[in-house]
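# Structure at a glance
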Amino acid sequence: MELKTASFEKVSTETTTVSGAEAVIKCLLEEGVGTIYGYPGGAIMPIYDELYKYQDQIHHVLTRHEQGATHAAQGYARVTGKVGVAIATSGPGATNLVTGIADAQIDSTPLVCITGQVGSHLLGSDAFQETDIVGISTPITKWNHQITKASEIPEVLAKAFFIARSGRPGPVLIDITKDAQFASLEFSYKKCSGIRSYTPTPEIDLLQIERAAEAINHAKKPLIVFGQGVILGEAEALLKQVVEKAGIPAAWTILGLSAMPTEHPLNVGMVGMHGNYGPNMLTNECDVLIAIGMRFDDRVTGDLSRYAKQAKIIHFEIDPAEVHKNVTADIPVLGNVKETLKFLLEFLKPNKHTAWHQKFKDLYKIEFDKIIKDELHARGSELGMAEVIEEINNWTKGDAIIVSDVGQHQMIACRYAKFNSSRSNVTSGGLGTMGFALPAAMGAKMGCPDREVVAIIGDGGFQMTIQELGTIFQTKIPIKIVVLNNGFLGMVRQWQQLFFDKRYASTEMINPDFVAIARGYQIKSNHVSERSKLKDAIKEMMEANEPYFLEVKVEKENNVFPMIPTGAAVSEIRLE
């Protein structure tokens, strides 16, 4: 992707002499960036110096760790659909961004990360805080580039934003040497509108869509599995129309959650390792499986050699690299699902599939009687995680943004949280990053300040980015933080119990006084361990107009079911 192959649309007609550092700020403004997350240091200091002059136009949030900056930018991007921006210095500042960048890459989150770098004359000399961040980040970015001349800055950043947001979104990293930040250039800005050899959205083949419609129209047992591609493509309304017109049961991946209201009668629940019984079991019974904006992740498919072998596979996907990668599609349909579903809708015939739907209802009853009934209602002296989520549902009525971390609480939150609107479920899906939720919730609240944002976190993940309480203290971001404390790395402990003969190696947590720590950051806090006090504790938290921390002591050794063991088929899902 050489610069000379890119196309640009003129935006700014102004030509002025500025420093490279100021040019960076002007580029961000031209791209409509109003909030960025970061942490200063020597190699990025010229940009921070210019940022000081633009405080009234760009809000910089000083996170307490660079990883927190990337996760906050992810949270912002996930709820707004805009490109999130994180900045850091060279060396450890840049390498601390890596986890968040990798998370954004696998979860298709648009980010532009800008790092400072040592002077160009020092490159390759092992100078103080020099790290080859371009080399390090190459496998985990959609594109990256190192700038050594100030004159490159406008075109490279225009290209960075175009690549990050176009097609299947993802992270881009731009590394800028310190001398390029100090040097002068004649600044003008043109937004990038295209790059030769880069086709972010494949051309639509109407014949394939007609073939897909024909297969669906003749299906007796069709099943839709939708993923985040529906959300990224802004195709939620079309998905609903397709489902309702053709009468097809629709299940979701964890990143597809909230694309369709959870209470919709044709929404049959979550697929995957800890998904619902019905959609997992019936994946291996359906005759046509329609995958929409999902990538057939191993946590969804289980044993690939026994995944939906009886079904004709239709795959709606924007990224050609995902088609046939894990599951061979009989009818691949390339393109943005907002466009392809629009055409599909025209060819579909109305249907109801009443008997097929009844099978999902019958299996749901089995799951409800075996698991859900006990999860949502009192079953012992200790509180259960699902009880907490259900009490939060009673207050939010499905209108909040729920940001979950990674572990048992994540699966419980995804299984039981209610959502009425899209972009309401924010979690780390593909990378499974513990520590994601606290900073991501900050970004989500700043992206959607008028919506309630509740972070659901385990005691293990909370301590991985607990320092971001300092960012909340300084900025007063009014998020609600719920730590479900079971004194274990719960998901690992569950696997140790089930598959390693209860050898609980390094999974029990001796935790500090979380409430005291939160209060040390002047965040209003509470602790609850008794069922009789849960409702009032949730009420107090939800009614607060400020940051609030609630620790809930939950059952120490509870397991999340259903569960598909590693190597098992989806139809071998266990209820106990």
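Conventions adopted
- Residues numbered from 1 in each chain as written.
- Predicted model: local features only at pLDDT ≥ 70, side-chain atom pairs only at ≥ 80, totals over all residues.
- Heavy atoms only, no water.
- Helix = DSSP H or I, 4+ residues; strand = E, 2+ residues; numbered from the N terminus.
- Rg over C-alpha atoms; globule rule 2.2 N^0.38 Å.
- Buried < 20%, exposed > 50% of the residue type's maximum accessible area, 1.4 Å probe, protein only.
- Contact = heavy atoms within 4.5 Å.
- Areas by Shrake-Rupley, 256 points an atom, 1.4 Å probe, with all protein chains shown as cover.
- Lys, Arg positive; Asp, Glu negative; His and termini not counted.
- Charge placed at Lys NZ, Arg CZ, Asp CG, Glu CD.
- Domains from an automatic or database assignment.
- Buried area = accessible area lost by both parts, 1.4 Å probe.
- Salt bridge = Lys/Arg side-chain N within 4 Å of Asp/Glu carboxyl O.
- Polar contact = N/O pair within 3.5 Å; in protein donor to acceptor, adjacent residues only side chain to side chain.
- Pairing = 2+ DSSP bridges.
- Axes fitted to C-alpha atoms, helices over the stretch in contact; angles between N-to-C directions.

Turning to the overall build of the protein, a few remarks are in order. Per the secondary structure count, the protein includes 23 helices and 22 strands. Against the 2.2 N^0.38 benchmark of 25 Å for 576 residues, the protein shows a C-alpha radius of gyration of 24 Å, consistent with a compact globule. By its C-alpha atoms, the protein is 70 × 60 × 40 Å across when sized along the principal axes. Taken across its 576 residues, the protein has 59% of its residues classed as buried. Considering only residue pairs separated by 6 or more positions, the protein has 78% of its internal contacts joining residues 24 or more positions apart. Here the protein displays about 22,200 Å² of accessible surface, and carbon together with sulfur accounts for 50% of that area. The protein carries 57 positive and 67 negative side-chain charges, and their two centres are separated by 4 Å.

Split into domains, the protein comes out as domain 1 (6-195), domain 2 (206-360) and domain 3 (379-553). Here the C-alpha centroids of domain 2 and domain 3 sit 31 Å apart. Contacts between the two partners involve 18 residues from domain 2, matched on the other side by 19 residues from domain 3. Between domain 2 and domain 3 lies a buried interface of about 1,500 Å² when both sides are counted; carbon and sulfur atoms form 58% of it. The largest contributions to the domain 2 side of the interface with domain 3 come from Ile254, Ser258 and His274, which together make up 36% of the buried area. In this structure, the connection of domain 2 to domain 3 is made through one salt bridge. Put simply, lysine 418 and glutamate 263 hold a salt bridge, and the shortest N to O gap is 3.2 Å. Connecting domain 2 to domain 3 are 10 residue pairs in polar contact (both at pLDDT 80 or more).

Looking now at unusual backbone geometry. Note the cis peptide between phenylalanine 561 and proline 562, where omega equals 0°. Relative to the elements of secondary structure, proline 562 occurs in the segment after β22 (548-553). One non-glycine residue, serine 258, lies in positive phi territory at about 95°. Along the chain, the position of serine 258 falls in the loop between β12 (250-252) and β13 (267-270). The buried category is assigned to serine 258, whose relative accessible area is 1%. Of note, lysine 397 is a non-glycine position whose phi angle comes to about 55°, a positive value. Mapped onto the secondary structure, lysine 397 falls in the loop between α16 (385-396) and β17 (401-404).

With that out of the way, let us pick up the sheet that holds strand β19 (residues 453-458). Reading across from one edge, β18-β17-β19-β20-β22-β21 is the order of the six strands in this open sheet, with parallel pairing throughout. The sheet is open, and its two borders are formed by β18 (425-427) and β21 (524-528), each paired with just one other strand. Direction aside, neighbouring strands of the sheet carry axes that sit 15° apart on average. Here five bridges tie β21 to β22, and the two strands are oriented parallel to one another. Bridge assignment links serine 525 to a residue of β22, and that residue is phenylalanine 549. Packed onto the sheet, helix α17 (residues 408-416) meets β17, β18, β19 and β20 (480-485) and runs at close to 140° relative to β19.

Our next topic: helix α5 (residues 98-106). Residues of α5 that are buried include every one of Gly100, Ile101, Ala102, Asp103 and Ala104, and no others. In this structure, the buried residues of α5 make contact with α3 (66-80), β6 (111-117) and β8 (171-177). Following α5 by one or two positions, serine 108 adopts a phi angle in the positive range, close to 55°.

Moving on to the sheet that holds strand β14 (residues 288-292). Strand order across the open sheet formed by six strands is β13-β12-β11-β14-β15-β16, with parallel pairing between neighbours. Strands with a single pairing partner mark the edges of an open sheet, and in this sheet they are β13 and β16 (331-334). Neighbour to neighbour, the strand axes of the sheet diverge by 20° on average, direction disregarded. Pairing of β12 with β13 involves three bridges; the strand directions are parallel. The residue of β13 that forms the bridge with tryptophan 252 is methionine 270.

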